[in-house]
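Below are the chains, spelled out letter by letter.
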Amino acid sequence: MALSAAARKRWVTAALLAPAGLWLFFFLALPFLAILVFSLGERAPAGGYQPALTLANYLNLPARGAAFLNTALLAPVGAALCLAIAYPAAWFLALRVDPRHRLLLVALMIVPFWTSMLVRTYAWMYLLGARGIPQLLEMIGIENIRLINTPGAVLLGIVYGYLPLMVMPIYVSLEKLDRRLLEASSDLGARPMSTFLTVTLPLSMPGVMTGVALVSILLLGEYLIPQMLGGGKVYFIGNALVDLFLQSRNWPFGSAIAVTLVLGVVGVLLITMRIAWKVSGTRQMDLV
Amino acid sequence: MAPEAISDLEFRHLTKRYGEVEAVSGIDLSVPKGAFLAILGPSGCGKTTCLRMIGGFEQPTEGEVRIAGQVVNGIPAYQRPVNMVFQHYALFPHMNVAENVGYGLRQMRPRLPSTEIDRRVGEALEMVRLGSFAKRRTHEMSGGQQQRVALARAIVNRPKILLLDEPLAALDKKLRGDMQLELLQLQRELGITFVLVTHDQEEALSMADLVCVMSAGRISQLGTPQEVYDHPTDLFVADFVGKTNRIPVTVDGGVLRLADGRALPGASALHGSAIAALRPEAIRIARAGDGLPGTVTHRIFLGSFAEYAVAVPGIGDILVTTDRRGATEADLIAPGEAVCLTYDPAAVLVFPQ
């Protein structure tokens, strides 16, 4: 059967999109639908899910208020700290470093990623634990310093773990910044600070927003760092989810929290994109 | 230095080295106020480095750059009274046309009132005939329009010197011609010094009133376009500015001799091996007569004139251009025809080899 050119084009497009589409359907849309249905149900007597149609789980959200509060506080603060450290680093790497050394320095930035996050967090657990830095401090007379299982320890872990994820997109957006624009700005009488604020920063905004979105979204679901460095005292939504699904087997309540979390992530994405559009003046969200 | 001799731009033994490489080698140059200077040369001759040292993007290794009599070495670009039109315009992509043009005015301290900024931006846009484009985004504009935005953005600050880095290189031929005229007109209206850097000799000759030909970091010749074209100081300038036939000769007692011993019309005070340079348009081509006999090998018809390649025994290929004026179709000579070349002996320039 001869297909018209337009029909064939449609088939090819469909065939090319099929793998990604099926993937998204089976591993995103379908599970999300299941979670949504679960979240309106009830906990079965022996744990798990039994069908029902109630908003009780959502009304019960305040019971895990501490998890939401910790996440809502520490995730943005962590992302902001990452940004505050990452931007100068990325700026330095992209605009100030001798190009001959640039690759090496960028590689050094990424190298920690080759070690498992678990191992690196474990290392911090030891460093911050009683026999780590506090013991050293004791030797010089500073006693009773508690580092592990504090919000500070969790923040430290977050910044340490996610810094490269923030540096890379900002670095890329600064690296592809046309240097002649900086020269043009200087030529037109702008002092270096003014050039930074009016040219460099707005044009690197897509990178900043990608970094912020990436880190914030991952932080909203963070489980490992609060678990290991927060010691159950500073726990995130991720920890609450693990607890509800695996320990207390209250699937519907866990699902309600998960749905709320997903909505939160979408909200964060929308807000960062809005800001990026506004600042960079374009309607494109480059993933760099 | 006498006050009346104050020039807008001056190089004093200006040198720029990048490590071992010397990009600009001790050049001296003085450009009178209101001149249109073209720095002309092949890529790598140091012309762009010179421009960047005027703009303040590079600092001299040795020597001085003076703007309006003041040494500006060490003064950063943002404090210099010059503005530049960048090669690929370097317009700010996150700003519209008016914001781009007003950028320099917004940097001024003390701050200018916004009404003043708007008025001057409007004037500058009118000057480059983009009055109705103020709110446009720059990437929605054609190359020629972007060029004008870049121009307006530079002149709106009323610089003492306007720097132009190959400003027309990215435009098509027709547009380039229009822009050349516009630039000339603009320069006359503003009365400020223009410094243009180009590798296109036509551009340099047609716009500038002072041409500085550079080669390997040095000035080969500085003069009016006509001086540079008619009286090149060396073979490089003769070759680079316009086309030239190079004929190897031996000078013997003032007489030019070809390799086979024949005398070539022309004269020189040099002695020994030399190169005789002859412009293609200085040669007359005829089907018969006295002169150098040869055979046409190629003809390139270019509408208003024609170019011939003529094989002359004992010399090689000689390029001849003929004016179309008064010539009919029958006057066009076909490849393969035997011809005779004549020229005014005074048109021959002889350079040491």
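Above this text sits the structure in question.
This one's a predicted model, so the numbers in the text were calculated from it and none came from an experiment.

Visitor: Just give me the short version of the packing of aromatic side chains, but keep the residues and values in it.
Guide: One pass over the full model with this rule turns up eleven aromatic pairs over all chains. Ring centres 5.5 Å apart and planes at 75° place the aromatic pair Trp124(A) and Tyr160(A) in the edge-to-face group. Of the two residues, Trp124(A) is situated in helix H5 (residues 117–128) and Tyr160(A) in helix H7 (residues 151–175); the sequence distance between them amounts to 36 residues. You can call Trp124(A) buried: its relative accessible area is 18%. Looking at Tyr160(A), the relative accessible area reads 36%, which means it is partly exposed. Judged by centre distance (5.3 Å) and plane angle (50°), the ring pair of Phe36(B) and Phe194(B) falls under tilted. Of this pair, Phe36(B) sits in strand S3 (residues 36–40) while Phe194(B) sits in strand S8 (residues 193–198), placing them 158 residues apart in sequence. Considered together, Phe36(B) and Phe194(B) belong to a single accessibility category, that of buried residues. Taken together, the ring pairs connect Phe38(A), Tyr49(A), Phe245(A) and Trp251(A) into an aromatic cluster. The lysine or arginine in question, Arg153(B), covers the ring of Phe92(B), its NZ or CZ lying 4.9 Å from the ring centre. Note that Arg279(B) overlies the ring of Tyr229(B), its terminal NZ or CZ placed 3.9 Å from the centroid.

Visitor: Lay out the pairing of strand S10 (residues 218–223) of chain B in plain terms, naming residues and giving numbers.
Guide: Residues and elements named next belong to chain B. Pairing analysis gives five bridges linking strand S9 (residues 210–215) to S10, with the strands arranged antiparallel. Bridge pairing in S10 links Val211 to Gly223. From the end of S9 to the start of S10, which pair antiparallel, there are two residues, and Ala216 there has a positive phi angle of about 50°.

Visitor: Can you break down the packing of helix H3 (residues 65–96) of chain A against helix H9 (residues 192–220) of chain A residue by residue, with the values?
Guide: Residues and elements named next belong to chain A. Where H3 meets H9, the closest approach of the two axes is 9 Å, and the angle between their N-to-C directions is 140°. For the element pair H3 / H9, the angle class is oblique. As for the relative orientation of H3 and H9, their crossing is right-handed in sense. Taking contact as the criterion, the partners of Thr71, Ala75, Gly78, Ala79, Leu83, Tyr87, Trp91 and Leu95 in H3 are, on H9, Phe196, Thr200, Leu201, Ser204, Val208, Val212, Val215, Ser216, Leu219 and Leu220. Its residues assigned to classes, the contact of H3 with H9 comprises 13 nonpolar, five polar and no charged.

Visitor: I'd like to hear about the interface of chain A and chain B, residue by residue, with values.
Guide: Between chain A and chain B, the residue contacts involve 20 residues of the former and 22 residues of the latter. Contact between chain A and chain B buries roughly 1,900 Å² in total, counting both sides, with carbon and sulfur atoms accounting for 58%. Contact with chain B buries area across many residues of chain A, yet Glu183(A), Asp187(A) and Leu188(A) alone supply 36% of it, more than any other trio. Here Arg52(B) and Glu183(A) are joined by a salt bridge, their closest N and O atoms 2.6 Å apart. Looking at the side of chain A that touches chain B, the elements with two or more residues in it are helix H8 (179–187) and H9 of chain A.

Visitor: Account for the packing of helix H4 (residues 143–155) of chain B against helix H5 (residues 173–190) of chain B, naming residues and giving values.
Guide: The relative placement of two packed helices comes down to the angle between their axes together with the axis-to-axis distance. Residues and elements named next belong to chain B. Axis separation between H4 and H5 bottoms out at 12 Å; the angle between their running directions is 15°. With respect to each other, H4 and H5 are oriented roughly parallel. Judged by the sense of rotation from one axis to the other, the crossing of H4 with H5 is right-handed. Residues Gly144, Gln147, Arg148, Leu151 and Ile155 of H4 touch H5, and the partners they reach there are Leu175, Met179, Glu182, Leu183, Leu186 and Leu190.

Visitor: So what's going on with helix H3 (residues 114–127) of chain B? Which residues, and what values?
Guide: All names here are of chain B. Here H3 is 14 residues long and its end C-alpha atoms lie 20 Å apart, about the 20 Å a rise of 1.5 Å per residue gives. Turning to H3, its buried residues number three or more, namely Ile117, Arg120, Val121, Ala124 and Leu125. Across the axial projection of H3, the buried residues extend over an arc of 135°, all falling on one side. Of the residues in H3, the exposed ones pointing more than 90 degrees away from the buried face are Thr115, Asp118 and Glu126. Looking at the buried positions of H3, the neighbouring elements they touch are helix H2 (97–106) and H4.

Visitor: Would you mind going over the environment of Glu183(A) in detail, with residue names and values included?
Guide: Assignment of secondary structure puts Glu183(A) in helix H8. Remark: the alpha-carbon pair of Glu183(A) and Thr195(A), spanning twelve residues in sequence, is separated by 9.1 Å. At 2.6 Å, the side chain of Glu183(A) and the side chain of Arg52(B) are in polar contact.

How each quantity is defined
Residues numbered from 1 in each chain as written. Chains lettered and ligands numbered in written order. Predicted model: local features only at pLDDT ≥ 70, side-chain atom pairs only at ≥ 80, totals over all residues. Heavy atoms only, no water. Phe/Tyr/Trp six-rings, centres within 6.5 Å; stacked < 30°, edge-to-face > 60°. Helix = DSSP H or I, 4+ residues; strand = E, 2+ residues; numbered from the N terminus. Buried < 20%, exposed > 50% of the residue type's maximum accessible area, 1.4 Å probe, protein only. Lys NZ or Arg CZ within 6 Å of the ring centre and 35° of its normal. Pairing = 2+ DSSP bridges. Axes fitted to C-alpha atoms, helices over the stretch in contact; angles between N-to-C directions. Parallel < 35°, antiparallel > 145°, perpendicular 65-115°, else oblique. Left-handed = near helix turned anticlockwise from the far one by under 90°. Contact = heavy atoms within 4.5 Å. Nonpolar A, V, L, I, M, F, W, Y, C, P; charged D, E, K, R; others polar. Buried area = accessible area lost by both parts, 1.4 Å probe. Salt bridge = Lys/Arg side-chain N within 4 Å of Asp/Glu carboxyl O. Expected span 1.5 Å × (residues − 1). Arc of directions from axis to C-beta. Polar contact = N/O pair within 3.5 Å; in protein donor to acceptor, adjacent residues only side chain to side chain.

Note that every value here comes from positions in space, so none of it alone points to a role or purpose.
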